[in-house]
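Analysis of the macromolecular model
Next come the chains, spelled out residue by residue.
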Amino acid sequence: MDRKCEQCKKDFSITEIERSLSEKIGVELSTVCSDCLARQHLAFWLFGKFRKIKSDLSGEGLITVLPEKNRYPIYSLKEWHSDVWEGLDYGIDYDREEPFFDQLQKLQEKVPHPHQNGINNTNCDYCDDVWSSKNCYLSRSMEDCEDLICSYRNIKVKNSIDNVIGFSSEKCYSCLNCINSYGLSYSQHTKDSIDSHFLFDCRNCQNCFMCWNLRGKSFCIENVQYTKEEYKDKIKSFNLGSYSAVELLKERFEDVLKNNAIHKLNFNIKAYNSTGDNLLNVNNCYNCNTCSDSEDCVNCLRAIKDKSNLNANGCWHSELLGNCQGCVNSYNLKYCNWSSSRFSEYLDLCLECEYCFGCVGLKKKKYCILNKQYEKDEYEKLKEKIISDMKERGEYGKFLPYSMSPGPFNFSTAYLYYPNTTKEEILSFDGYWEDIDESHIEGMSTNELPDNIFEVNDEICKQAFICPETGWRFNIAPNELIFYKQNNIPLPRKHFDVRIKDLVKYSTVLKSSPYNCYYCKKEIEAYYPKEWGYKNIACEECYMRNLN
Ligand SMILES: [Zn+2]
Ligand SMILES: [Zn+2]
């Protein structure tokens, strides 16, 4: 079935699997392609700058990634979850004369929203999307972490800085997708390794430097074996505490990734009858990315433990979701955002609700429409009436409009996955964009920083720096400086969010490109954009035979 995407105007087709899944869920077939829909969903997931605001309820000072000016009242997370306010107090009557989305947005703009996402943390104020963590700073999306600074998407990671997509690791610096490791820096896709730098796809390695695809080695440099003494001498000569020396080593590492390393066509593990990338333990999942322990899902990004979801992005532990964003512990939701509910449509931030339609910020409610309580029969009748009005206006079946997103697109997760999106495009969808003029901001240029970490004294923590790429101001925190000194790492020159984006771009590739397998030469589809210049890409079978 072919359609023209309402947003990008490109033709796209609805597969038979999508059609039958949409019937099972009871969700309308999308009028926009899965890419445009994922982009719209992720626009509701902020990746904003950390800033100070005040609770609109108590005036308490808060740290948030929300925009400077919000369209709705912001309460502290604790206040939001408390009984001091009630969502039904904001209820409105449905008005047939007005588009439903306009009414829903008016309601959304009256209902309080929380300043932060996450629970059970100690001393993690400058964080977002943080769960059961301790002493973390300027970090986002993590669980069970401790002493984590300037990091993104970590689980069980301790005492690390600039760490992106880390699991069960400690003392890591500027690493991407490293698992069960200790003392790694500047490494990618490495497992079970210790005290090493610039590793790519290594496993069970110790004291290795600038190596790729190694298994169970020690004292290797550029995949050449040295004795322990030789290795130690050579490592000293690399001068790792020097910024200029490390910049040259980073260039060499890029060269290794392009010309030496063998790359597996995707990062799938135990993905049966499935298509996509970064799939772990999934069955019958199509066009999915970063999904684990899921089955029968189509067009899903960032999914965990999901079943039979269609176009559900950032949804966890859920079943039968259609066209939803950020919903967890949910069952049969449609067109919902940041909710944890069942049998409902068009919810924003509703917890433990059932049979609700077009509600915002409700908790444990049933048969509500626009935050107003109805009897079961009335609810069903009014819901049908609204759906038929929405169909007449061409609203029904669409996700919440960009105008209901929480902030600027260029400070959302969507911008990480779709960085080529333009301001004009987003404004044409009634979305938001923030142009920051930081030219007035005062601070020291990072060019003036000492080259070697040994030349840096503690006074540096009082100094503000200006990122050469964005003009944004940043500081070096005292515990950050201690980490750099202890681990012989030069001071960073760029703002922490820029450092994170530089790493995360390697794991936000949603489209495959055609290659020939490095070993058997057969045609394969691999998740590396051609412009990365990776030469050696292996098919699943050849990678397993040669490198597993
Ligand atoms: Zn499209
Ligand atoms: Zn092959």
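For the structure itself, consult the block above.
Read on for a plain summary of the structure. Every chain is numbered on its own, with residues counted from 1 as its sequence reads. Chains carry letters and ligands carry numbers; both start at the beginning, A for chains and 1 for ligands, and go up in the order they are written. The predicted origin of the model limits local features to residues at a pLDDT of at least 70 and limits the giving and counting of side-chain atom pairs to 80 or more, whereas totals for whole chains, interfaces and linings rest on all residues. Side-chain measures were taken over the full set of non-hydrogen atoms in the model, leaving aside hydrogen atoms and water.

**Concerning the coordination of the zinc ion (ligand 1)**
A donor here means an N, O or S atom no more than 2.8 Å from the metal, or no more than 3.2 Å when the metal is Na, K or Ca. Since water is not included, a site may seem to lack partners. Every protein donor of the zinc ion (ligand 1) is accounted for by C5 (SG), C8 (SG), C33 (SG) and C36 (SG), and the metal-donor separations fall at 2.3 to 2.4 Å. Here a site with four donors is tetrahedral if all angles are between 85 and 135 degrees, and a site with four or six donors is square planar or octahedral if opposite donors are over 155 degrees apart and the other angles are between 65 and 115; anything else gets the irregular label. Angles of 102 to 118 degrees at the metal separate the four donor atoms of the zinc ion (ligand 1), which places the site in the tetrahedral class. Summarised as a motif, the one-chain spacing of the donors to the zinc ion (ligand 1) is C-x2-C-x24-C-x2-C. Taken as a pair, C5 in the loop between β1 (2–4) and β2 (11–13) and C36 in helix α2 (residues 34–42) lie far apart in primary sequence, 31 residues in all. Numbering of helices and strands starts at the N terminus; helices are DSSP runs of H or I of at least 4 residues and strands are runs of E of at least 2.

**A word on the pattern of salt bridges**
Here, a salt bridge means any side-chain nitrogen of Lys or Arg that lies within 4 Å of a carboxyl oxygen of Asp or Glu. Inspection of every chain in the model, using the stated rule, returns 30 salt bridges. With a shortest N-O distance of 2.8 Å, R140 and D497 are connected by a salt bridge. Pair noted here: R140 is in strand β8 (residues 139–143) and D497 is in helix α11 (residues 496–504), with a separation of 357 residues, a long-range link. The rule is simple: take the accessible area with a 1.4 Å probe, protein chains only, and divide by the maximum for that residue type; under 20% is buried, over 50% is exposed, in between is partly exposed. Of the residues examined, D497 reaches a relative accessible area of 3% and is grouped as buried.

**A word on the coordination of the zinc ion (ligand 2)**
The zinc ion (ligand 2) binds to the protein through C517 (SG), C520 (SG), C539 (SG) and C542 (SG), with metal-donor distances spanning 2.3 Å. Taken together, the four donor atoms coordinating the zinc ion (ligand 2) and their angles of 99 to 120 degrees define a geometry best described as tetrahedral. The sequence pattern formed by the donor residues of the zinc ion (ligand 2) is C-x2-C-x18-C-x2-C. Within this pair, whereas C520 is found in the loop between β32 (513–516) and β33 (523–526), its partner C539 is found in the loop between β34 (536–538) and α12 (540–547), the two being separated by 19 residues in sequence.

**With respect to the environment of E375**
Checked against the element boundaries, E375 lands in the loop between β28 (372–373) and α7 (376–393). Overall, the relative accessible area of 58% leaves E375 in the exposed class. Counting along the chain gives 56 residues from E375 to E319, while the straight-line C-alpha distance between them is 27 Å.

**Section: the packing of aromatic side chains**
Here the aromatic set is Phe, Tyr and Trp, taking the six-membered ring for Trp, and pairing holds for ring centres within 6.5 Å; pairs whose planes are under 30 degrees apart are stacked, those over 60 apart are edge-to-face, and all others are tilted. Per the stated rule, a full pass over the model turns up 41 aromatic pairs. Considering the side-chain rings of Y355 and Y367, the 5.8 Å spacing of their centres and the 25 degrees angle between planes classify their relative orientation as stacked. Here the residue Y355 occupies a position in strand β26 (residues 351–360), and Y367 occupies one in strand β27 (residues 366–369), the gap between them amounting to 12 residues. Looking at Y355, the relative accessible area reads 28%, which means it is partly exposed. By relative accessible area, Y367 is classed as buried at 15%. Ring centres 5.4 Å apart and planes at 50 degrees place the aromatic pair Y528 and Y534 in the tilted group. Relative accessible area serves as the criterion here: at 8%, Y534 is assigned to the buried category. Here the basic side chain of R140 rests over the ring of F47, its NZ or CZ set 3.9 Å away from the ring centre. Directly above the ring of Y515 sits K530, whose terminal nitrogen or CZ lies 3.6 Å from the centroid. For a ring to carry a charge above it, either NZ of a lysine or CZ of an arginine must fall within 6 Å of the ring centroid while also lying within 35 degrees of the normal to the ring plane.

**Some words on the layout of surface pockets**
A pocket here means an open set of points on a 1 Å grid, computed over the protein atoms alone, that has protein on both sides within 12 Å along at least five of seven lines. A cavity is instead a set of points where a 1.4 Å probe fits but cannot get out; residues with an atom within 4 Å of a point line either one. Grid points are joined across faces, edges and corners, and a volume is the space filled by probe spheres set on the points. Roughly 1000 Å³ of internal volume is contained in the second largest pocket. If you trace the second largest pocket, you find 33 residues lining it, with L416, Y417, Y418, P419 and N420 closest to the centre. Elements that contribute at least two residues to the lining of the second largest pocket include exactly α2, α8 (413–417) and α11. When residues of the lining of the second largest pocket are assigned to their parent elements, the largest contribution, four residues, is made by α11. Split by residue class, the lining of the second largest pocket holds 17 nonpolar, six polar and 10 charged. Polarity classes work like this: nonpolar for Ala, Val, Leu, Ile, Met, Phe, Trp, Tyr, Cys and Pro, charged for Asp, Glu, Lys and Arg, and polar for all others, with Gly in that last group.

**Regarding the environment of Y543**
Position of Y543 relative to the elements: it lies in helix α12. Exposure remark for Y543: the relative accessible area of 4% places this residue in the buried category. It is 12 Å that separates the C-alpha atoms of Y543 and K521, two residues lying 22 residues apart in sequence.

**Comments concerning helix α1 (residues 16–25)**
One turn of an α-helix holds 3.6 residues; hence residues three or four places apart share an orientation. Taken together, the buried positions of α1 are E18, L21, S22 and I25. Seen along its axis, α1 keeps its buried residues to an arc of 105 degrees; they face one direction. More than 90 degrees from the buried face of α1, the exposed residues found are E16, E23 and K24. Remark: G26 follows α1 within two positions and exhibits a positive phi of approximately 85 degrees. Picture the helix axis, draw a direction to every C-beta atom, and the arc is the one those directions span.

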